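Chain by chain, the residues run as shown.
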Amino acid sequence: LEVTRKLRQQGFDVVKWGNYSKIEPHTLIHDLKGNVSKAREVANLVSPKAELFTKIEDQSLVDMIVIVGQDYKGQDWVKGDE
């Protein structure tokens with residue numbers, strides 16, 4: 001929920017959140033619309049080491065899927081923001 005709140009504060013519309021089926025060592029960002037600059041912007045907020053993938057899915061209702069990994073820089077990101 002922390003990542004959801006922070007992304008919304010930065011102007012991103014988060015439509016769904018939850019737990020992923022396994023622990024990922026690195027954050028994964030799946031760009032489904034070909035907007036690499038927005039995907040990089042999210043990566044810079046969550047983890048500069050995030051792995052970016054682009055696969056255009058015209059029928060998708062979302063622009064990207066973010067899977068937060070163990071590299072999430074949460075503690076540095078939230079100090080003094082709440």
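Residues numbered from 1 in each chain as written. Predicted model: local features only at pLDDT ≥ 70, side-chain atom pairs only at ≥ 80, totals over all residues. Heavy atoms only, no water.

Student: Quick one: what's the story with the nonpolar core, residue by residue and with numbers?
Tutor: Val3, Leu7, Phe12, Val14, Ile29, Ala39, Val42, Ala43, Leu45, Val46, Ala50 and Met64 together form the largest nonpolar core, which totals 12 residues. Mapped onto this core, the elements with two or more residues apiece are helix H1 (2-9) and helix H2 (36-46). For this core, the leading source of residues is H2, giving 5 residues. Residue contacts for Val14: discarding those within four places in its chain leaves Thr4, Leu7 and Arg8. (Core = buried A, V, L, I, M, F, W, Y, C linked by side-chain atoms within 4.5 Å. Buried < 20%, exposed > 50% of the residue type's maximum accessible area, 1.4 Å probe, protein only. Helix = DSSP H or I, 4+ residues; strand = E, 2+ residues; numbered from the N terminus. Contact = heavy atoms within 4.5 Å.)

Student: Lay out the sheet that holds strand S3 (residues 64-67) in plain terms, naming residues and giving numbers.
Tutor: One open sheet accounts for 3 strands, arranged S2-S1-S3; its pairing is mixed. Strand pairing shows two members of the sheet lacking a second neighbour, strand S2 (51-54) and S3, which therefore form its edges. Within this sheet the neighbouring strands show an average axis-to-axis angle of 15°, counted without direction. With 4 bridges joining them, strand S1 (residues 28-31) and S3 adopt antiparallel strand pairing. Note that in S3 the partner of Ile29 across the bridge is Val66. The strands touched by H2 within the sheet are S1, S2 and S3, with S1 carrying the most contacts at an inclination of about 160°. (Pairing = 2+ DSSP bridges. Axes fitted to C-alpha atoms, helices over the stretch in contact; angles between N-to-C directions.)

Student: Explain the pattern of salt bridges to me, and be specific about the residues and the numbers.
Tutor: On inspection of all chains with the given rule, the structure shows 2 salt bridges. In this structure, Glu41 engages Lys38 in a salt bridge whose closest nitrogen and oxygen atoms are separated by 3.5 Å. Here Glu41 pairs with Lys38, and both are found in helix H2, just 3 residues apart, close to one helical turn. According to the relative accessible area criterion, Glu41 is partly exposed, its value standing at 34%. By relative accessible area, Lys38 is classed as partly exposed at 35%. (Salt bridge = Lys/Arg side-chain N within 4 Å of Asp/Glu carboxyl O.)

Student: Lay out the side chain of Thr27 in plain terms, naming residues and giving numbers.
Tutor: Within the element layout of this structure, Thr27 appears in the loop between H1 and S1. Looking at Thr27, its side chain comes within polar contact range of the side chain of Asp71, at 2.7 Å. Not counting chain neighbours up to four residues away, the residues in contact with Thr27 comprise Val46, Ser47, Ala50, Glu51, Val66, Ile67, Val68, Gly69, Asp71 and Tyr72. (Polar contact = N/O pair within 3.5 Å; in protein donor to acceptor, adjacent residues only side chain to side chain.)

Student: Tell me about the pairing of S2, residues and numbers included.
Tutor: Alignment of S1 against S2, held across 4 bridges, turns out to be parallel. Bridge assignment links Ile29 to a residue of S2, and that residue is Leu52.

Student: With reference to specific residues and values, describe the confidence of the model for the protein.
Tutor: Confidence along the protein averages 88 in pLDDT terms, with 89% of residues attaining 70 or more. Low confidence marks residues 77-82, where pLDDT is under 50. Its contacts with residues over four positions away, or in another chain, come to 10 contacts. (pLDDT = per-residue confidence, 0-100.)

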